[in-house]
Structures are given as structure tokens and as C-alpha cells.
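Each chain, letter by letter, is given below.
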Amino acid sequence: MANLGADLRALRKTKGLTLAELAERLGKSVGWLSQIERGISKLSSEDIDRMAGVFDVPPSLLGVRQGPNPKEDGKIVRASDRRMIGERVPGLVEQLLSPDLTDSFEVIHSTFLPGSERNDEIMRPTQELAFLVSGKLKIWLEGEPFLIRKGDSFRIRGNKYRWANPYSEPAIAVWIISPPVY
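Just so you know, these numbers come straight off a predicted model, no measurement behind them.

Looking only at helices and strands, one finds four helices and ten strands in the protein chain. Helices and strands in the protein chain line up, N terminus first, as α-α-α-α-β-β-β-β-β-β-β-β-β-β. Compactness check: the protein chain gives a C-alpha radius of gyration of 17 Å against a globular reference of 16 Å for 182 residues, within 12% of the reference. In terms of its C-alpha atoms, the protein chain occupies a principal-axis envelope of roughly 50 × 35 × 25 Å. By residue count, 42% of the 182 residues in the protein chain fall in the buried class.

Printed below as a string of C-alpha cells:
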């Protein structure tokens, strides 16, 4: 469960929260939270739900992820063990490809379902690179439209962007984001 504690610490720091601030939001003690982050204590399912709410992430991101081979923990992510993440935008399915949230970047597998779109512009203080594995995707960078096809990639450096998949097949992309946002 040490990976979960490290993930929680990384999420807390990404959100700019101190141990005391997070403990207060959760109605818990700083000591309890410190033990969770160090892997000494375990979270209940209620604690996981509450923590997910504070971080605005799906509870599955904080779930237990130990695979059948402990030697792989923190190193290998099997397709069947990917964690769901993201902003819960309709028509967008995002999974964490990184083993955990402790690196200075994260790698995300995104599936944009046919007919899905995000009309509001997103702007994050990140550097991102996306590679389209399959399908086609329309993306607007600083209001300028681009058509991205299988094999294309694009970069976002703190730019405003939005996306749409008006096509009949899913668009699948792999994103590298630094610093991590989930």
C-alpha cells in the first residue's frame, strides 16, 4: 500500500495543499494523514471516497492496485490494471499508463468516443505532448483548428485548447503531461 501513500502525497503536493490543510478538509488529524502517506496506515473505502472528492479525482485512482506479481509494482502496468482518471468529461475515457503519480510527468491513455466534444477551452500550467494512436481528432489550439490523424502528434505549452471527435470511430491518444495534473 506504500504506492497509494506516495500517490496521495504527490496529489496533495500537485494541488498545493499542506498536510494540515488536507487533514482539515478531511476532518482527520495530521498524524493520521502522515501515516497514510508513509504507508503505515490504510484507508477505508469511505476515506478513499472522501479523499477522491477533495482531490476531484475518481475513487478508482486511489484504489488498491497490487497486481499478481509484486515484483511488477511500481514498474509494470498491465492493460487490465490501468486506473481510470480524468475530469469525467462525457465521451472521454482516460486511464493512467504510469505506474503511479510520483514522477515529474504522467502518461495517459485517452479514448475520445465518436460524437464527443469539449466546447469549453482548457488551460493548464503544463507541458503536454499527445500522439494519436488511431482515429481522427479535431483540436483547437488558442482558437486555431487542426485535424489530427493517426500517427500525428501535437504539443500544448500552457495554451488554451479544446477538442472534438465528430467522426464515426474512436480517437485514441497517448498523452505525456508535466507536471502531473491528476
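Now, onward.
Further remarks concern the side chain of D100. Mapped onto the elements of the fold, D100 is located in the loop between β2 (92-96) and β3 (106-112). Here D100 occupies a buried position and makes no salt bridge, while the nearest side chain of opposite charge, R83, is found at 6.2 Å. A distance of 2.6 Å separates polar atoms of two side chains, one belonging to D100 and the other to T102. When sequence neighbours within four positions are dropped, the list of residues in contact with D100 reads N3, D7, G74 and R83.

A few words on the nonpolar core. Generally speaking, soluble globular proteins have nonpolar side chains that are buried together. The biggest cluster of nonpolar side chains holds 43 residues, and the ones touching the most others in it are M51, L62 and W175. What W175 contacts, discounting residues up to four positions off in sequence, is E106, V107, I108, S110, F112, E128, L129, A130, F154, I156 and Y161.

With that settled, consider the environment of F112. Along the chain, F112 falls in strand β3. The exposure class assigned to F112 is buried, which follows from its relative accessible area of 2%. Expressed as a C-alpha distance, the spacing of F112 and G31, which sit 81 residues apart in the sequence, is 41 Å. Dropping the residues within four chain positions of it, F112 is found in contact with G91, L92, L137, W163, N165, P170, A171, A173 and W175.

Direction vectors running N to C along helix α2 (residues 19-26) and helix α3 (residues 30-37) enclose 110°, while the axes themselves pass 9 Å from each other. With respect to their mutual orientation, α2 and α3 come out roughly perpendicular. Mapping the contact onto sequence places L19, A20, L22, A23 and L26 in α2 and V30, W32, L33, S34 and E37 in α3. Class assignment for the residues of the contact of α2 with α3 results in eight nonpolar, one polar and one charged.

With an omega of -10°, the peptide bond running from S178 to P179 counts as cis. You will see that E142, though not glycine, has its phi angle at about 50°, which is positive. Tracing the sequence through the fold places E142 in the loop between β6 (136-141) and β7 (144-149).

Calculation criteria
- The residue numbers shown here count from 1 along each chain, following its written sequence.
- Given that this is a predicted model, residues contribute local features only at a pLDDT of at least 70 and side-chain atom pairs are listed and counted only at 80 or more, while totals for whole chains, interfaces and linings are drawn from all residues.
- Note that the side-chain values use all heavy atoms of the structure and ignore hydrogens as well as water.
- A run of H or I in DSSP becomes a helix once it reaches four residues, and a run of E becomes a strand once it reaches two; helices and strands are each numbered from the N terminus.
- We compute the radius of gyration from the C-alpha atoms alone; for a globule the expected value is 2.2 Å times N to the 0.38, where N is the number of residues.
- Each residue is placed in one exposure class: buried if its accessible area under a 1.4 Å probe, protein chains only, is under 20% of its type's maximum, exposed if it is over 50%, and partly exposed if it falls in between.
- Under the convention used here, Asp and Glu are negative, Lys and Arg are positive, and both His and the chain ends fall outside the count.
- Any Lys or Arg side-chain nitrogen found within 4 Å of a carboxyl oxygen on Asp or Glu counts as a salt bridge.
- Counting of polar contacts relies on pairs of N or O atoms within 3.5 Å, with two restrictions inside protein: one atom must be capable of donating a hydrogen and the other of accepting it, and residues adjacent in sequence are counted only when both atoms are side-chain atoms.
- Only heavy atoms matter for contacts: two residues are in contact if any of them lie within 4.5 Å across the pair.
- By convention a nonpolar core is built from buried Ala, Val, Leu, Ile, Met, Phe, Trp, Tyr and Cys residues, the set being connected through side-chain atoms within 4.5 Å.
- A fitted line through C-alpha atoms serves as each axis, taken over the contacting stretch for helices, and the angle formed by two N-to-C directions is quoted from 0 to 180°.
- Roughly parallel here means an angle under 35 degrees, roughly antiparallel means over 145, roughly perpendicular means 65 to 115, and every remaining angle is called oblique.
- The residue classification treats Ala, Val, Leu, Ile, Met, Phe, Trp, Tyr, Cys and Pro as nonpolar and Asp, Glu, Lys and Arg as charged. All others, Gly included, are polar.

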